[in-house]
Amino acid sequence: MSRIRSVATSAAHKGREALEINRRTVLAAAGAVSLSAGVGYALRPTDREAAPAAAEEQPVAEGRRAAAAALAPYTKGTTLASVAAPRNSSGYQRLGDGAGWSRVLRSDLAAAKSGRESRRTALAAFVQFTDLHLMDVQHPLRLEYVRVHDRHAWRPHEALTVPGAVSLVERVNALRGAPVTGSPLHFVMTTGDNTDNNAHSELEWFMKVMSGGRITPNTGDPKHYEGVQNSGMKLYWQASSTVRDQDKALGFPHLAGYLAAAIREVKSPGLNLPWYSTVGNHDALPLGCYGSHADPYLVQAAVAGKKLMSVGDADAKKLQDAIHNAQDPKGSGYRDFLKAHARSMRSVTADEKRAPYTPAEYLKAHLDPAYQGLGPVGHGYSSANVAAGTQYYAFRISDDVIGISLDTTDAGGHYDGSIGTVQLAWLEKTLKENKDSYAVVFSHHTSQSMTNTRPDPAHPSDRRHTGAEVVTLLNRHANVLAWVNGHIHRNLVTPHKASNGNTFWEITTASHVDYPHLARIVELVDNKDGTISLFTTLIESAAPHRTDFSDLSQTGLAALYRELAFNAPGASKALAGNPTDRNTELVLKKA
C-alpha cells in the first residue's frame, strides 16, 4: 500500500483555499522572494506556523483517495493495453486498435533484484503532459507558408489541438490508479509549450482545457474560419472544399463542414486531479523563438487584419534557416520579412485576443481563481513569482519526494534553452536543504537542448548555463531521482551517472501535437532492497483509434486529430522512440 499522505486540496480544505493562498503556495512564494532577499526557500515553514506542526502539515498534491480494498495495477487505457496502429500499408493510412507496448526493464544504473515486486512500496505517482501546442491556427503571425520549403512546417491536423487536448484530459480522468502499483495518481504536471503562438487566445484555451470550461477555438470572424485552409491554395489541405490540393493528392479526405466543426465550441471537464505548470519556449516567446515582446510592429501585426499565406521557396528557406540557426533572436529580421511581403497579405478579421502575452500575464492567468480547477492555487506559481519576475518553484509531492519546476526558456530569443546563475543557485540550495527527500526535477528543455546561452535582456549580468551544467549540478545530489522534460517531441530515456556514484534518469516524453500524441505516467517505488524503481507508462487520448469521416463531433474530431497527425506529410515516424524509451522500469540505487 502507498505511504503517500495527501492534504493540499481535499474537499475539507477546498473552501479554505478559496479564501486564502494555501500553504504550498505561501512556501513557493518564499522561494521566489529568496532570489532577492537571500532567505527562505520553497519548502520552508512560514513564520506564522508553529514549528511542531510543520512536518505534519507539509502539503502535497492530492489524487483520488485509495480504495478500501488492496490496490491493484490499472493498465486499462494505457499503451500497455493497446496503441493506435495503421490498418493499411500505403497511401493515406487509417488507424485502428494495435498491440500494446510491453514494459522494458532498464538496469543501466543499478541491477534489478529478484523479489522486488512483493517488497516495493509506492512513493508517488503522477502524469506528465508536454507540448500540447494549443494553437490559434488563424493567427496572423504564423509561418504556415514555410511549408513550400518544408512540408512539415504546416501540419493538416493543427486546427484540432483543442479537442485533442480535451480528449487527453478525459483519458486521465478515466484512469482509476497507477498502472504498476495501483496507487492513486496525485497530480498532472505539464512541462511546457502549452500554447503555440504566445497568444492570449491560446492561453485562455489552455487554462480552460486543464481546469474545465467551454472553449471556442476561434478568433477573428466569430462565425467563419479565416486562414490557410479556406484560402483555395493547393499548398494546404482544403478539407471543406473540392480543391485538388497537395494533401488530397496523397489521400487526405474531402470533409464537408470540417472547418465549421473545427471552430465550434468545445467543452472540457477539466482534470479531476490537481495540476502544476512548467513554462516552455512557445509559452514565453512569440512563435516560440522571438524575443520580440517590445517590438511594436510585431505586437500590432499579431492583432491586425492582415495575414501572409504564401511566399516563394527561396524566401521560405531563408526565414526558416534564420530561425534554426538563431540568426534573428529578436525578430527584427522577421519584422522586415513581413514588411517586404505586405502587398501579398490577405485581409482577415482583426482581433485583440491574438496579442502576445508577457511572462507576468502568464503567471497571473495561473493565479486567476476562474482557472483554479482542483488546484493548487497558482498551479505551482505564486504572487511572489509575479513580483520577482520568476517562473520556477518547488513543491512537496509526498512524504518522501519533492518536485522542482525550472524555467529553462531564454527571454533573449531562440527555441533552445538555458538557465540563469540565480536560478541555478536556487536549485542547488533547494536540493541541499531537502537532502532527506527524493527529488524529481521538471523542465521544458532536455539536457541536450539547453545550449542557448544568450543573455536575458532584463538580467544581462545573470550568466546563462547549459544543460550539461545542470546535469553536473544534479549529479552532486544523491537524492535526485529523475529529470522529466519534453521539447524534442520524442520519447527518450537517458541514464546519468557521475564519478561519485550518484545517478538519475532523464525522462523525455513525446508531444501531444505530433503523432503519436502521448502523455506519460510516472510511478516512484521503493523496492526495499537498496534500489528505487521508476515506472514509466505512456497513454494516448481517450479518442477511439478508428475514425469516422462523417463524425465531426468533439470526440470524432479528437480521433481525426490523431489520424491526420499520423499521415502528416514530412512527419517523423520515429517520435515514439525505441521500446527502451516507452514503457519502462528504470532502476537506480537508493540514496
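As shown above, the structure is provided for reference.
Since the model is a prediction, treat every value here as computed from it, not as a measurement. (Residues numbered from 1 in each chain as written. Predicted model: local features only at pLDDT ≥ 70, side-chain atom pairs only at ≥ 80, totals over all residues. Heavy atoms only, no water.)

Novice: Looking at this structure, how should I read the sheet that holds strand β21 (residues 584-589)?
Specialist: The strands that make up a sheet pair up through hydrogen bonds in the backbone, lying either parallel or antiparallel. Read across the sheet, seven strands follow the order β3-β21-β20-β19-β4-β5-β8 without closing on themselves; strand pairing throughout is mixed. Two strands bound the open sheet, and with one partner strand each, they are β3 (104-106) and β8 (275-278). Averaged over all adjacent pairs, the angle separating strand axes in this sheet is 20°, with direction ignored. Pairing geometry for strand β4 (residues 121-129) and strand β5 (residues 188-191), over three bridges, is parallel. (Pairing = 2+ DSSP bridges. Helix = DSSP H or I, 4+ residues; strand = E, 2+ residues; numbered from the N terminus. Axes fitted to C-alpha atoms, helices over the stretch in contact; angles between N-to-C directions.)

Novice: What exactly am I supposed to notice about the layout of surface pockets here?
Specialist: If a probe as big as a water molecule is rolled over the atoms, it shows which places are left empty. Empty space within the largest pocket amounts to approximately 960 Å³. Along its surface, the largest pocket is lined by 30 residues, and H152, A153, R155, H282 and H324 are the ones closest to its centre. Of all the elements in the fold, those that place two or more residues in the lining of the largest pocket are α8 (281-284) and α10 (313-324). Among the elements that line the lining of the largest pocket, the one with the most residues is α10, at three residues. (1 Å grid on protein atoms, 1.4 Å probe; cavity = no way out; pocket = protein on both sides within 12 Å on 5 of 7 lines; lining within 4 Å. Points joined across faces, edges and corners; volume = space filled by probe spheres on them.)

Novice: Hey, could you run me through unusual backbone geometry in this one?
Specialist: Glycine aside, a negative phi is what most residues show, and trans is what most peptide bonds show. Cis geometry is adopted by the peptide bond preceding P376, which originates at G375 and carries an omega value of -5°. Structurally, P376 can be placed in the loop between α12 (359-367) and α13 (383-388). Y515 connects to P516 through a cis peptide bond whose omega is 20°. Locating P516 in the fold gives a position in the loop between β18 (503-508) and β19 (519-526). Even without glycine at this site, D131 takes up a positive phi of about 55°. One can find D131 in the loop between β4 and α5 (161-174). Residue class for D131 comes out buried when judged on its relative accessible area of 0%. Positive phi, normally seen in glycine, also occurs at H414, with a value near 85°. In this structure, H414 sits in the loop between β12 (401-405) and β13 (419-420). (Buried < 20%, exposed > 50% of the residue type's maximum accessible area, 1.4 Å probe, protein only.)

Novice: Can you walk me through the nonpolar core in this structure?
Specialist: Here is a general trend for soluble globular proteins: nonpolar side chains tend to be buried in one another's company. F129, V188, F442, L524 and L534 are the most contacted members of the largest nonpolar core, which has 64 residues in total. Core analysis: the second largest hydrophobic core is formed by 49 residues, L160, C289, V348 and V513 among them. (Core = buried A, V, L, I, M, F, W, Y, C linked by side-chain atoms within 4.5 Å.)

Novice: Please explain empty space enclosed by the protein as it appears in this structure.
Specialist: Within this structure, the stated rule accounts for four cavities of 30 Å³ or more. When its volume is computed, the largest cavity comes out at roughly 100 Å³. Taken together, H139, L141, N197, P286, L287, Y290, S292, L298, V299, A302, Y334 and P356 make up the full set of residues lining the largest cavity. Take the lining of the largest cavity: its biggest share by element is three residues, from helix α9 (residues 296-303).

Novice: Teacher, can you tell me more about the packing of helix α14 (residues 421-433) against helix α15 (residues 467-475) here?
Specialist: Where α14 meets α15, the closest approach of the two axes is 10 Å, and the angle between their N-to-C directions is 20°. Of the possible angle classes, the one that applies to α14 and α15 is roughly parallel. Where α14 crosses over α15, the two elements pack in a sense that is right-handed. For the pair formed by α14 and α15, the contact residues are L424, L427, E428 and L431 on the first element and V470, L473 and L474 on the second. (Parallel < 35°, antiparallel > 145°, perpendicular 65-115°, else oblique. Left-handed = near helix turned anticlockwise from the far one by under 90°. Contact = heavy atoms within 4.5 Å.)

Novice: Explain the pairing of strand β14 (residues 438-442) to me, please; I cannot follow it from the model alone.
Specialist: Sheet faces and side chains relate simply in a regular strand, where the side chains alternate between the two faces. Counting buried positions over the five residues of β14 gives five, a clear majority of the element. With five bridges joining them, β12 and β14 adopt parallel strand pairing. Bridge assignment links S405 to a residue of β14, and that residue is F442. Direction of pairing for β14 relative to strand β16 (residues 480-485): parallel, over a ladder of four bridges.

Novice: Explain the pattern of salt bridges here, please?
Specialist: Two side chains of opposite charge can pair, provided their charged atoms sit close to one another. Summed over the entire model, instances satisfying the criterion amount to 27 salt bridges. Here K317 ties to D321 by a salt bridge, and the two come within 2.7 Å at their closest N and O atoms. Taken as a pair, K317 and D321 lie in helix α10 at a separation of four residues, close to a single helical turn. Owing to a relative accessible area of 25%, D321 belongs among the partly exposed residues under this scheme. For K590, the salt bridge goes to D526, with nearest N and O atoms at 2.9 Å. With K590 in the segment after β21 and D526 in strand β19, this residue pair connects regions lying 64 residues apart in the sequence. Overall, the relative accessible area of 37% leaves K590 in the partly exposed class. (Salt bridge = Lys/Arg side-chain N within 4 Å of Asp/Glu carboxyl O.)

Novice: What should I look at first to understand the environment of I507 in this one?
Specialist: Tracing the backbone through its elements, the reader meets I507 in strand β18. Considered as a pair, I507 and V522 are 15 residues apart in the sequence and their alpha carbons are 9.4 Å apart.

Novice: Help me understand the packing of aromatic side chains, please; the structure alone is not making it clear to me.
Specialist: Aromatic rings in a pair are described by how distant their centres are and how their planes are angled relative to each other. One pass over the structure, following the stated rule, counts 22 aromatic pairs. Judged by centre distance (5.6 Å) and plane angle (75°), the ring pair of F206 and W275 falls under edge-to-face. One end of the pair, F206, is in helix α6 (residues 200-211); the other, W275, is in strand β8, and 69 residues separate them in sequence. Ring centres of Y381 and Y393 lie 5.2 Å apart, and the angle between their planes is 80°; on these two criteria the pair is classed as edge-to-face. Separated by twelve residues along the polypeptide, Y381 in the loop between α12 and α13 and Y393 in strand β11 (residues 393-398) bring together distant segments of the chain. Note on accessibility: Y381 and Y393 belong to one class, buried. An aromatic cluster is defined as three or more aromatic residues linked by ring pairs; in this entry it consists of F126, F187, Y276, Y357, Y362, Y381, Y393, F395 and F442. We note R94 situated over the ring of F549; from NZ or CZ to the ring centre the distance is 3.9 Å. The residue whose ring lies beneath K339 is Y297, and the NZ or CZ to ring-centre distance is 5.0 Å. (Phe/Tyr/Trp six-rings, centres within 6.5 Å; stacked < 30°, edge-to-face > 60°. Lys NZ or Arg CZ within 6 Å of the ring centre and 35° of its normal.)

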